[in-house]
Amino acid sequence: MAESPRTPGNAPTPPGSPLNATAPSPAPALLRGSLLFLAFLAVQLVLFGSLLSFPSSRFLPAPGDINTTWANGVSDAGACKAGLIYVYDLPSEFNHDLVDDCESLWPWYSFCPYLAHGGFGQRAATVPVFFNLTPNGSLPSWYVTDQFQLEVIIHRRLLSHRCRTTDPALAAAYYVPFYAGLDVGSHLWGDNATVADRDRAGIRLLRWLRNQTSFRRSGGWDHFLTLGRITWDFRRYGDDGWGTNFVFMPGMENLTRLSIEADPTDPMEVGVPYPTGFHPHVAADVRAWQRHVLSRKRSKLFGFAGAPRVGFRDDFRDVLLEECEDAGRERCRSVDCRGSQCTGNGAAVLELFLDSKFCLQPRGDSFTRRSLFDCMVAGAVPVLFWRRTAYDQYRWYLPARSRGEEREWSVFIDPRVLRVGNVSVQEVLEGFSEKRVRRMRKRVVEMIPRIVYASASDGLGDGMEDALDVALAGVMKRFSQRRRSMTHVERPPGPVVPQRVDNKSTMTTPSDAKNGTAAAISQHDSAEKSSANSSSYIKTVVSEASASLIKSLHMS
């Protein structure tokens, strides 16, 4: 019988060795083999961990690879009584390819770290400064999140949502996971980027969508998507204007759009919170953070994170910086955002707001800014100067049905009053008693769950709704209202078509700031007009049959 060549006792005797020499012991060879095997396993684990920290082109298997109606296990009927959601498996050019191309999405730096962990970015635990800002128990809930990652975050959550179905015939709502913000953002500042570059993906997406049975059947009224940049980046006026004209393309008339900043005059758009760095996993994580921010001692009356905008005449931020300087260091502190302090890891902004009772929230390059939500997550009371920064923008999230509700969690100061010097920010804020301030801060802290995006696939649990839960509830309610309205008309509601009113665009030159904020909407800092008149360059044209429906959408 042939013997194994690896059997030590049968090894040939080396030339010149004595025939009775003792055979070498197998122990050292076994030890070396074991050590090599363990080293190999260690290398594999390190490589696997590295892969997990970078964005993946597929968060979960494509719907076509799953042979069940319920993509993520059968859910109880009560959890999905509003209906099931179908997530389109789009051609990869509309989402996954953009993630894979993260090195070239931004002209100044790699976007890959911000796309890690499903759009949350790198864990804050990798940034030493966060150890001094957050309790150890809350640190795992914090990430270095870019403000324009809504599309990736929502897509990831919906792919693993308990109410997702892979059978489009059973769905009550259809989600279109087009990363429109990532796409247009990659063409906004390129030296050779053209209008055709900015529009190409949107045109191709809508051509694909119009060939889908579910879309053709409804005309898109039961479809929704997310816009990870402000709406003005998708509303180009003229061939040489800013952004893309995606919102105005044929096929977009009936789609509900969830945007970090919506046009309040467009009933098809809904404002949803900017992503912050706080992504709790379960309700207990939220409660622990709420206790922390409520109990924290705050040494400053108010704080402001921002910087003067170059090229803007009579910039209101200059006024607020002067207000802070006049109040003195004992009462106010500001963070200069001209560098990367506010757009890097966000720790400087979080530290500022955790140490302030109030935070000043002027307009950004548009009416809204992520800083509003950073402020509230830190447990500070926002001080607002334009209604469209919050009250008229995030109606599904922030109580603003009456002036009384607004005063429960915020302070509003007319910017004209500050400009002429009739009153100061310090005077207004010192007019509130400590008891009133405490009550306002408590109300803000109660709202935290609804303005953050949970990291768990099923949300926070324990009856606590996060920002996505609120959005889905609003979308499903809206679609239910449309179905009821359609029973009263002979045909589906007509399209909502935004149109220009005049030949002049009120859009200003885009900001060249590297934080990616888009063009300002107006060149003036005059007081904001009412929502009925605030968008002078857009009107909504609807068919007679859908007039009552559009009215109900404004109210929803």
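Our subject is the structure listed above.
The model shown is predicted, which means the values in this text are computed figures rather than measured ones.

1. Considering the packing of aromatic side chains
Now for step 1: Inspection of the entire model under this criterion finds 29 aromatic pairs.
Now for step 2: Three or more aromatic residues joined by ring pairs form one cluster here, namely Trp106, Trp108, Tyr109, Phe111, Tyr114, Trp189 and Trp242.
Now for step 3: Here Arg229 stacks its cationic end above the ring of Phe148, 4.3 Å away from the centre of that ring.
Now for step 4: Stacked on the ring of Phe367, the Lys or Arg Arg363 has its end atom at 4.5 Å from the ring centre.

2. Some thoughts on the sheet that holds strand 10 (residues 332–336)
Now for step 1: As summarised here, the arrangement of the five strands in space is 10-9-11-12-13, forming an open sheet in which the pairing is parallel. Where the open sheet ends on each side, the last strands, each with one partner, are strand 10 and strand 13 (411–412).
Now for step 2: Where strand 11 (residues 356–361) meets strand 12 (residues 381–384), four bridges bridge the pair, whose relative direction is parallel. By the bridge assignment for strand 12, Cys359 is matched with Pro382.
Now for step 3: Contacting strand 9 (300–306), strand 10 and strand 11, helix 9 (residues 316–327) crosses the sheet at an angle of about 145° to strand 9.
Now for step 4: The sheet strands contacting helix 15 (residues 434–446) are strand 11, strand 12 and strand 13, and the helix crosses strand 11 at an angle near 65°.

3. Points about the nonpolar core
Now for step 1: Core analysis: the largest hydrophobic core is formed by 134 residues, its most contacted members being Phe224, Phe246, Phe302, Phe358 and Leu398.
Now for step 2: Sort the elements by how many residues they give to this core and helix 16 (residues 467–486) lands first, with eight residues.
Now for step 3: Formed by five residues, the second largest nonpolar core is a distinct cluster that contains Ala283, Val286, Ala454 and Leu460.

What counts, and at which threshold
Residues numbered from 1 in each chain as written. Predicted model: local features only at pLDDT ≥ 70, side-chain atom pairs only at ≥ 80, totals over all residues. Heavy atoms only, no water. Phe/Tyr/Trp six-rings, centres within 6.5 Å; stacked < 30°, edge-to-face > 60°. Lys NZ or Arg CZ within 6 Å of the ring centre and 35° of its normal. Pairing = 2+ DSSP bridges. Helix = DSSP H or I, 4+ residues; strand = E, 2+ residues; numbered from the N terminus. Contact = heavy atoms within 4.5 Å. Axes fitted to C-alpha atoms, helices over the stretch in contact; angles between N-to-C directions. Core = buried A, V, L, I, M, F, W, Y, C linked by side-chain atoms within 4.5 Å. Buried < 20%, exposed > 50% of the residue type's maximum accessible area, 1.4 Å probe, protein only.

The quantities given are spatial measurements derived from coordinates; they are silent on function.
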